[in-house]
Amino acid sequence: MSKNYHIAVLAGDGIGPEVMREAIKVMNAVGQKHDFTVTYEECFVGGAAIDHCGTPLPEETINACDKAQAILFGSVGGPKWDHLPHSQRPEAGALLPLRKRYGLFCNLRPARIFPGLNALSPLRADISAQGFDAMVVRELTGGIYFGTPKGREGEGDNERAFDTEVYTRAEIERIARVAFKVAMGRKKKVTSIDKSNVLASSVLWREVVMMVAEDFPEVTLEHLYIDNATMQLIKNPAQFDVVLCSNMFGDILSDECAMITGSMGLLASASLASGSFGLYEPAGGSAPDIAGQGIANPIAQILSMALMLRHSFGEIEAAEDVEKAVARALKDQIVTADLARAMPDAHIVNTVQMGDAIVERLGD
Ligand SMILES: NC(=O)C1=CN([C@@H]2O[C@H](COP(=O)(O)OP(=O)(O)OC[C@H]3O[C@@H](n4cnc5c(N)ncnc54)[C@H](O)[C@@H]3O)[C@@H](O)[C@H]2O)C=CC1
Ligand SMILES: CC(C)CC(=O)C(=O)O
Ligand SMILES: [Mg+2]
């Protein structure tokens, strides 16, 4: 008898619904081939939820997520909602509370240059030819995005606004342990990113990471300050394996990693807690500059769905099938507009055609 999984689908804003349709299409196709079905409940979130229900994270959406085995998330936000008070906007009012509610402290962002896409990296050809295959392990429920006090007060020249970067020893230790375990299955190197020359929270970060490293003697540990890390990623991306970051540093560095691979539209992510539940979403945002044109790259959403198959359902072969189909489509030079530069023989397709090309390349 075939297995059934139940998920909540929160497409959100901008390109979210466009790329989500393709991920669902690929998910249904790969399920047929690997003998499982996925039922899903579509819910409003973010700006779309504000427009339909008056709030970025409606009760019905929370209830649907509570009942689901995983959440497939698109992206939220856009200029339409930027006038709202910060806590009522799609990002701080929906996405961050979802991450917190489900304890999704661990954000995995795998970034690699796909075969055939070397020429697309904005780096010099000799640098990108050395390859890039990194895993950003980002702490996701602590740090400056969640720390208190946070706010705005006073008026005139004395008006001020403030955020607080806070990390407990336990929060650092649990994400560091994930990073070292991930490294054990890869090239056994962890680069920990901090700003311990300035920030007290980073001093603790470095101390705890060094303590955890003692339990993983086979793993090489390096520390980089965040400013140097942004530079090293451009200078020599091949030096990185697992990149261990706080919430904000990981947010920033992962966009840079995405671009080294060719486009923001390629970078998937898994947000995990300690069990099998997870939220899976592209690392990029709602891309208002291209939304509604049918040209967004659906690969980050499709690969996020593959991460869901792997981490939440243990459907490893199906996940690999999707990942290989994506790689085959790119190797065949079928690309959306964001990847079309420096590929004179590329077949430039729209979002739906990219999804079709991936479905056609799933294994038998
Ligand atoms: N997880 C989420 O829901 C996130 C939401 N946001 C929100 O998204 C909105 C836009 O943010 P931006 O800073 O512009 O970042 P963004 O990631 O949406 O876009 C940055 C650039 O990458 C391109 N891009 C992103 N995804 C793409 C795709 N799938 N295919 C082709 N090109 C793609 C965009 O066209 C744009 O040029 C904001 O409201 C922001 O707060 C931003 C990041 C994550
Ligand atoms: C709301 C933001 C923290 C989302 C984002 O930029 C990200 O998770 O990469
Ligand atoms: Mg980001």
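Analysis parameters
Residues numbered from 1 in each chain as written. Chains lettered and ligands numbered in written order. Predicted model: local features only at pLDDT ≥ 70, side-chain atom pairs only at ≥ 80, totals over all residues. Heavy atoms only, no water. UniProt positions renumbered as here; feature names shortened; annotations may be inferred. Near = heavy atom within 4 Å. Polar contact = N/O pair within 3.5 Å; in protein donor to acceptor, adjacent residues only side chain to side chain. Nonpolar A, V, L, I, M, F, W, Y, C, P; charged D, E, K, R; others polar. Buried < 20%, exposed > 50% of the residue type's maximum accessible area, 1.4 Å probe, protein only. Helix = DSSP H or I, 4+ residues; strand = E, 2+ residues; numbered from the N terminus. Pairing = 2+ DSSP bridges. Contact = heavy atoms within 4.5 Å. Axes fitted to C-alpha atoms, helices over the stretch in contact; angles between N-to-C directions. Parallel < 35°, antiparallel > 145°, perpendicular 65-115°, else oblique. Left-handed = near helix turned anticlockwise from the far one by under 90°. Areas by Shrake-Rupley, 256 points an atom, 1.4 Å probe, with all protein chains shown as cover. Right-handed = clockwise from strand over helix to strand, strands pointing away.

Going by the annotation in an unreviewed UniProt entry, the name recorded for the protein chain is 3-isopropylmalate dehydrogenase, with Parasutterella secunda given as the source organism. UniProt lists a comment for the protein chain under the heading Function (unreviewed entry), and it reads "Catalyzes the oxidation of 3-carboxy-2-hydroxy-4-methylpentanoate (3-isopropylmalate) to 3-carboxy-4-methyl-2-oxopentanoate. The product decarboxylates to 4-methyl-2 oxopentanoate." Its UniProt record, at the heading Subunit (unreviewed entry), says of the protein chain: "Homodimer."

## A short note on the site of ligand 1
Among the 21 residues in the neighbourhood of ligand 1, the closest are listed as V76, E91, G285, A287 and D289. At 2.8 Å from an oxygen atom of ligand 1 is found a main-chain nitrogen or oxygen belonging to V76. G78 places a main-chain nitrogen or oxygen 3.0 Å from an oxygen atom of ligand 1. Across the shell around ligand 1, the residue classes break down as nine nonpolar, eight polar and four charged.

## Considerations on the pairing of strand β4 (residues 106-112)
Within a regular strand, the side chains alternate between the two sheet faces. Counting buried positions over the seven residues of β4 gives five, a clear majority of the element. Relative to strand β5 (residues 133-139), β4 is paired through seven bridges, and the arrangement is antiparallel. Counted as the bridge partner of C106 is E139 from β5. Where β4 lies against strand β11 (residues 270-272), three bridges are found, and the strand directions are antiparallel. Within β11, the residue paired with N107 across the bridge is S271.

## Details of the UniProt feature "binding site: Mg(2+)" (unreviewed entry) in the protein chain
Here the UniProt-annotated "binding site: Mg(2+)" (unreviewed entry) positions come out as D227, D251 and D255. Topologically, D227 is positioned in helix α8 (residues 226-235). For D227, a relative accessible area of 44% puts it in the partly exposed group. Given the relative accessible area of 25%, D251 is considered partly exposed. Excluding residues that lie within four positions of it along the chain, D251 makes contacts with R109, R138 and Y145.

## Some remarks on the packing of helix α1 (residues 16-34) against helix α11 (residues 316-331)
For the pair α1 and α11, the least separation of the axes is 10 Å and the interaxial angle reads 130°. The angle between the axes of α1 and α11 places the two elements in the oblique class. Crossing of α1 over α11 shows right-handed handedness. For the pair formed by α1 and α11, the contact residues are V26, V30, K33 and H34 on the first element and E317, A318, D321 and V322 on the second. The residue inventory of the contact of α1 with α11, partitioned by class, reads four nonpolar, one polar and three charged.

## Some remarks on the site of ligand 2
Residues in contact with ligand 2, as listed here, are E91, R99, R109, R138, Y145, D251 and A283. R109 is positioned with one of its side-chain polar atoms (N or O) 3.0 Å from an oxygen atom of ligand 2. Alone, ligand 2 offers 280 Å² of accessible surface; in the complex the protein occludes 76% of this.

## Focus on the UniProt feature "site: Important for catalysis" (unreviewed entry) in the protein chain
Under the UniProt annotation, the feature "site: Important for catalysis" (unreviewed entry) is placed at Y145 and K195. Within the element layout of this structure, Y145 appears in the loop between β5 and β6 (151-153). When near neighbours in sequence (up to four residues on either side) are disregarded, Y145 contacts L96, R138, K150, N247, M248 and D251. Mapped onto the fold, K195 is located in the loop between β8 (189-194) and α7 (200-213). Judged by relative accessible area, which is 18%, K195 ranks as buried.

## So, the pairing of strand β9 (residues 220-225)
In this structure, β8 lies alongside β9, joined through six bridges in parallel fashion. Paired with I193 across the strands is L224, a residue of β9. Note on the crossover from β8 through α7 to β9: the handedness is right-handed.

## As for the environment of E317
By the element assignment, E317 lies in helix α11. Accessibility expressed as a relative area gives 61% for E317, which makes it exposed. With 165 residues separating them in the primary sequence, E317 and R152 have C-alpha atoms 50 Å apart.

## A closer look at the environment of L266
Assignment of secondary structure puts L266 in the loop between α9 (247-261) and β11. Distance from L266 to F114, taken between C-alpha atoms, is 9.6 Å for residues 152 residues apart in sequence. Residues within four places of L266 in sequence aside, it is in contact with L117, T261, N297, I299, A300, L303, L330 and L339.

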